[in-house]
Structure formats: structure tokens, C-alpha cells
Amino acid sequence: MIKSLLALLLVAAPSPAPDLDQSLDPGQSQASGRAVLETGHVDIGPRLRDGEWTVQIHDDHAVPSVWREPADTVLRIRDTARQPVPDDEAYAFLGEQPGAEVHVVPQTEKQGVVWIGWNTQDPGVLGAISRGVTMNLRGVQGPGNVTIFLQSGNLGAPQVLWSSAKPYPQPMWVETNTHTHANWVFGKPGTYLLAVDVTADLADGSTATASTILRLAVGDTTDPDDAFGAAFTAPLPAASGSALAQATERSSGTGNALIYVAAAVGLAVLILALLVLRQSAVRRRAEQEPGR
């Protein structure tokens, strides 16, 4: 019952499509030095190496593929990613006027646009977790709206996963051995920082959590060096220590609402019990009075 209830509080990313099937070599190396990635395939995801749980960027555009530290990596979205917002109420969640130009990293790969996804396929991670991880968006800093959403085909309704227009934190459950790509929409050019953490309940009963800042330079006029030098200064909500606990921290307030309802029910039961006791006491006194 508890697990099914918590599942309703998470936005779940769907299983990967067949064309996203991949496996990662456990021997892939860790890159050093700064990198600006503006084309090719990259994934964000947890990595477990030498007992250390981290959030890293898997650069599949490099030959051979490597893992990179987010602090040393800028994802650059060139103007080749510019698209007009559709004149369709279904996309009102973007918070932009129809026809306005926005930068879009599409769900399917587009030539000349960095293709951003996420995976839970690191061999160390696969051997350590039992079910999956919680990827949690804790904050966004940048000049415009940021929205990440999925859409199944041309007729499928958009499924919003993360949005800078909503309160934080925004947890998203990702199953083990998942590889997914979504639509990333940026409302204005400029430097964006996304505060993300990944938490998992490990098979040995312990909990692992790692936090990072994703750095993005959106638009040809945005200097990637600005993204490297930017600091995240916006306030962040506290991170939870458990993937299961994060499920109750939905920004919609559902978790708090459940607590308030439970408290109200408990108070009502207590008041009813006191009334019953009071009536019993009055009855006993009445029975003991002379002439009754």
C-alpha cells in the first residue's frame, strides 16, 4: 500500500525505446580537463566507482566513450536548435507565446544539436541498486524557463518531467538499466545551471546520494566560459537521504497534504474519545445521585 501510494507521487520516466538500447563498458575511462559538448550523444547519470557514488556525464560522442565531471563540462546548445513554439494549447505548459523562438534539444537526435539524455546503466550502479534511482531537480538558475518533457509520437500528449515554473524539489523515478531522451526547452539564450541530485536505496540496505550542477550555454552568443565560471546562488530545498523518502517531497504538496489529513483525522478521533469519556462520567455521577 505504501509503495503504491509513493509511486503515485513520482513522475516516472517510461521504459527506453528499442532504438535506445545500449550497454556501457565497465572499463570506460574518466576524462580530465574541460570540455564543451555541442553535438553528439550525451547522458547524465549516476556512476559508482571505487565505492564512490557520483553524478556524471557520459560522453558517447568521444571515441572511445568517456565519463566527464559536470563541473568540467558545458553542454552548448547552438542556434541550430531554435524552433517556434507551436500554436497549440497542448504546449501552454512551456510558458511561452505561440510562435516565439526557443531553443529545443529534441527527444530524437538532430544534426548539429547536442542530444541530452540520462541513463542508469553504469555497470557499478547496476550491480549496486535493486530497482532504480530518484533523479531530483532541486533548482534552476538562468534567464528563461526550462522545461523537460516527453512525448510519444506526434499524437501523444506531452508528459512534463521537470519545469522551472514549478516548485522544487521535483523527483523523477528512473528504473534500473534505463536509457531515455526527452525534449529540453529553453525560453531564452544565456547561461543555465541546473541543480540535480540522484539518490538510490542500494541492495545492501544503505542509501547513496550525489548532487551536481549541470552547466548549459544556450545560443550562439553565449560564451561557454561564462557557464564554467557561473556559481549557483539561488536557494535550494534540502535533499533527502532516501529515494523512498524523496518520493514524498513532491512539489505539488501532496506529501504534506497527506500529513495534514492524517493529523486532522487523529485529532478528530481524540476529540471523539474525550466526548465519550465525558458522557460516561456524567452518566456515572447521575446514577450515584440520591433520588435517581
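In this report, we go over the structure that sits alongside the text. Everything quoted here is computed from the prediction, not taken from an experiment.

Re the pairing of strand 7 (residues 73-77)
Taking burial as the measure, the five residues of strand 7 include five buried ones, the bulk of the element. Burial of strand 7 is two-sided: the residues T73, L75 and I77 facing one way and the residues V74 and R76 facing the other way are all buried. Pairing of strand 3 (residues 35-37) with strand 7 involves three bridges; the strand directions are parallel. From the neighbouring strand, L37 faces strand 7, where its bridge partner is L75. Inspection of the sheet shows strand 7 paired to strand 18 (residues 207-218) by four bridges, in the parallel sense. Considered in strand 18, the bridge of L75 is made with L216.

Digging into the packing of aromatic side chains
Under the counting rule described, the total for this entry stands at four aromatic pairs. Each ring, one from Y91 and one from F149, has its centre 6.3 Å from the other, and the planes form 65°; the classification is edge-to-face. On the criterion of sequence distance, the pair formed by Y91 in the loop between strand 8 (82-84) and strand 9 (101-105) and F149 in strand 12 (residues 146-150) is long-range, its members being 58 residues apart. We note that Y91, like F149, is buried. Aromatic pair F93 and F149: ring centres 5.2 Å apart, planes at 75°, arrangement edge-to-face.

Looking at the nonpolar core
Considering soluble globular proteins, one finds that nonpolar side chains tend to be buried as a cluster. Ranked by size, the top nonpolar core spans 43 residues in total, and within it W53, I116, W118, W184, L194 and L216 carry the most contacts. Dropping the residues within four chain positions of it, I116 is found in contact with V42, I44, L75, V105, H181, A182, W184 and L216. Core analysis: the second largest hydrophobic core is formed by eight residues, V85, Y91, V104 and F149 among them.

Notes on the environment of N145
Its place among the elements puts N145 in the loop between strand 11 (132-141) and strand 12. With 49 residues separating them in the primary sequence, N145 and E96 have C-alpha atoms 8.4 Å apart. Polar side-chain contacts of N145 include one of 3.3 Å to the side chain of E96.

Reading guide: rules and limits
- Residues numbered from 1 in each chain as written.
- Predicted model: local features only at pLDDT ≥ 70, side-chain atom pairs only at ≥ 80, totals over all residues.
- Heavy atoms only, no water.
- Buried < 20%, exposed > 50% of the residue type's maximum accessible area, 1.4 Å probe, protein only.
- Helix = DSSP H or I, 4+ residues; strand = E, 2+ residues; numbered from the N terminus.
- Pairing = 2+ DSSP bridges.
- Phe/Tyr/Trp six-rings, centres within 6.5 Å; stacked < 30°, edge-to-face > 60°.
- Core = buried A, V, L, I, M, F, W, Y, C linked by side-chain atoms within 4.5 Å.
- Contact = heavy atoms within 4.5 Å.
- Polar contact = N/O pair within 3.5 Å; in protein donor to acceptor, adjacent residues only side chain to side chain.

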